[in-house]
Amino acid sequence: AGTSDRHIRFFNTQSGNLVNSVETDSQVCSIQWNNEGKELVSAHGFSKNQLSVWKYPTMTKIADLTGHTERVLHTAKSPD
C-alpha cells in the first residue's frame, strides 16, 4: 500500500480472492465508477499527477488526463 503500490485491485467480496490487478505506474488516490457504462476513472499522485480512464473489466486504459502540477488526491461526481 501507499505511494509505492501503484495498483488497482479487484476482489471477490464473498471469497476474498483477488480477481484482477492492474499496474498504474503512479500512486492511486481515488477511484470513481461511471454510472452509465463499464468504465472507471482513477486519480493519481506521485509520480504522474493525472486522471486515467479505464474500460472495465478488461482494465484497458482509454485515456490519461494530464496537466495537474500536484497530486490528484480526491474526486467527486456531479449528479448531472
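Cut-offs and rules
- Note on numbering: residues in each chain are counted from 1, in written sequence order.
- Local features in a predicted model are, by the rule used here, given only for residues with pLDDT of at least 70; side-chain atom pairs are given and counted only at 80 or more, and totals for whole chains, interfaces and linings are based on all residues.
- Just so you know, side-chain values use all the structure's heavy atoms and leave hydrogens and water out.
- Helix and strand assignments come from DSSP, with helices taken as H or I runs of at least 4 residues and strands as E runs of at least 2, each series counted from the N terminus.
- The size measure is the radius of gyration over C-alpha atoms, and the globule rule it meets is 2.2 Å times the number of residues to the 0.38 power.
- The buried label goes to any residue with under 20% of its type's maximum accessible area, the exposed label to any with over 50%, and the partly exposed label to all in between, with areas taken from a 1.4 Å probe on protein chains only.
- The contact definition used throughout considers only heavy atoms, calling two residues in contact when any of these lie within 4.5 Å.
- We score Asp and Glu as negative and Lys and Arg as positive, and we do not count His or the chain ends.
- Throughout, a charge is located at the NZ atom of Lys, the CZ atom of Arg, the CG atom of Asp or the CD atom of Glu.
- The pairing criterion for strands is at least two bridges between them, as found by DSSP.

A. Structural view of the overall build of the protein chain. On a plain count of helices and strands, the protein chain comes out with zero helices and six strands. Going from N to C terminus, the protein chain has its helices and strands arranged as β-β-β-β-β-β. Computed over its C-alpha atoms, the radius of gyration of the protein chain comes to 13 Å, within 12% of the 12 Å expected for a compact globule of 80 residues. Within the protein chain, the fraction of its 80 residues that count as buried is 26%. Sequence-distant contacts, at least 24 apart, represent 23% of the contacts inside the protein chain between residues at least 6 apart. For the protein chain, the distance from the average position of its 8 positive side-chain charges to the average position of its 8 negative side-chain charges is 5 Å.

B. Just the pairing of strand S6 (residues 60-65), in detail. Sheet analysis places strand S5 (residues 51-55) next to S6, joined by five bridges and oriented antiparallel. Bridged to Lys55 within S6 is Thr60. The hairpin formed by S5 and S6 contains four residues between the paired strands, and Met59 there has a positive phi angle of roughly 60°.

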